[in-house]
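Now for the letters of each chain:
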Amino acid sequence: MAEKKVTKKAAAVKEAEPKKETVKKTNCKKVAVVLNAENAGFKAGDVYQALAAAGSALTLKEIAKAANISEEDTLLGMGWLFKEGKIVSDDNKITLA
């Protein structure tokens, strides 16, 4: 049997190979927002009711918490209400118009 000789060039190639980095996967919760007129209307109602119950200006996070909906759904409802002129913004807080 003939033995293979490892040349210096082949040994250098093996050493020059980059090390593989491991990528840590994180658990990301993806939120699906259904974009249709009916859903936007319901979310607008949730936002409006939360603002009416609070009686004062609230931030986006406060509205989402009070309405028990996600921030994405809150933004969807707020867009509807802004378009209708039902809410106004002042210093990053939202209040009924």
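So, here's what we can say about the structure. (Residues numbered from 1 in each chain as written. Predicted model: local features only at pLDDT ≥ 70, side-chain atom pairs only at ≥ 80, totals over all residues. Heavy atoms only, no water.)

**Examining the overall build of the protein chain**
In step 1: Of the regular secondary structure elements, the protein chain holds four helices and two strands.
In step 2: Along its sequence from the N terminus, the protein chain presents helices and strands in the succession α-α-α-α-β-β.
In step 3: In the protein chain, buried positions account for 21% of the 97 residues.
In step 4: Across the protein chain, the fraction of contacts at a sequence separation of at least 24, relative to all contacts at a separation of at least 6, is 52%.
In step 5: Surface summary for the protein chain: the accessible area is close to 8,300 Å², and the carbon and sulfur share equals 54%. (Helix = DSSP H or I, 4+ residues; strand = E, 2+ residues; numbered from the N terminus. Buried < 20%, exposed > 50% of the residue type's maximum accessible area, 1.4 Å probe, protein only. Contact = heavy atoms within 4.5 Å. Areas by Shrake-Rupley, 256 points an atom, 1.4 Å probe, with all protein chains shown as cover.)

**Brief notes about the environment of Met 78**
In step 1: One can find Met 78 in helix α4 (residues 71-84).
In step 2: Overall, the relative accessible area of 7% leaves Met 78 in the buried class.
In step 3: A C-alpha to C-alpha distance of 9.2 Å links Met 78 and Leu 60, two positions 18 residues apart in sequence.
In step 4: With sequence-adjacent residues up to four places away left out, Met 78 is seen in contact with Val 47, Leu 60, Ile 63, Ile 87 and Ile 94.

**Some details on the nonpolar core**
In step 1: Counting twelve residues, the largest nonpolar core consists of Ala 44, Val 47, Ala 50, Leu 51, Leu 58, Ile 63, Ala 67, Ile 69, Met 78, Leu 81, Ile 87 and Ile 94.
In step 2: Those elements that provide at least two residues to this core are α2 (37-54), α3 (60-67) and α4.
In step 3: A total of four residues in this core trace back to one element, the largest contributor, which is α2. (Core = buried A, V, L, I, M, F, W, Y, C linked by side-chain atoms within 4.5 Å.)

**A short note on the packing of α2 against α3**
In step 1: Running from N to C, α2 and α3 cross one another at 100 degrees; their axes reach a closest spacing of 9 Å. One finds that α2 runs roughly perpendicular with respect to α3. The residues of α3 that touch α2, namely those facing Asp 46, Val 47, Ala 50 and Leu 51, are Ile 63, Ala 66 and Ala 67.
In step 2: Counted by class, the contact of α2 with α3 contains six nonpolar, no polar and one charged residues. (Axes fitted to C-alpha atoms, helices over the stretch in contact; angles between N-to-C directions. Parallel < 35°, antiparallel > 145°, perpendicular 65-115°, else oblique. Nonpolar A, V, L, I, M, F, W, Y, C, P; charged D, E, K, R; others polar.)

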